[in-house]
Amino acid sequence: MYEYSVESNIIREDDKYLSIQNTIYEFYMGAHGSHYIEGDNYDVVTGKRLSLSDMVKDKEDLKNQIIKWCEKHNDGTFFDDYKNTIEDKFRGELSLEFI
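Below is a short write-up of the structure. Keep in mind that what you see is a predicted model, and the values were worked out from it rather than measured.

Conventions adopted
Residues numbered from 1 in each chain as written. Predicted model: local features only at pLDDT ≥ 70, side-chain atom pairs only at ≥ 80, totals over all residues. Heavy atoms only, no water. Pairing = 2+ DSSP bridges. Helix = DSSP H or I, 4+ residues; strand = E, 2+ residues; numbered from the N terminus.

### Thoughts on the pairing of strand 2 (residues 17-28)
Of the pairings in the sheet, the one linking strand 1 (residues 2-13) to strand 2 comprises 11 bridges and is antiparallel in character. Across the sheet, I10 pairs through a bridge with I20, a residue of strand 2. Taken together, strand 1 and the strand that follows it, strand 2, pair antiparallel across an intervening segment of three residues. In terms of strand pairing, strand 2 meets strand 3 (residues 34-43) through 10 bridges, oriented antiparallel. Following the sheet pairing, N22 is matched in strand 3 by E38. In this antiparallel pair of consecutive strands, strand 2 and strand 3, the connection spans five residues, and M29 shows a positive phi of 70°.

Below is the structure:
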């Protein structure tokens, strides 16, 4: 049995942006399924799908805020190298994986 489901919610809708959060569940005959969240952001004037780089002006500040949040909320369940993973994600173009 295979399963794929998506639940979409509008997170922001105003005269500038439309932001949609998609909560996804996939099951493909493994031990368990996978849950993850994706986001899409649009400029409502142009209709252009925005990248995270379009929305974030200071990548270094965002990276530091994410690391700080993780340090505060890590109850031992994060991978030991989570800081390296965050650093790696900030090399090159930002993607919407963060949402």
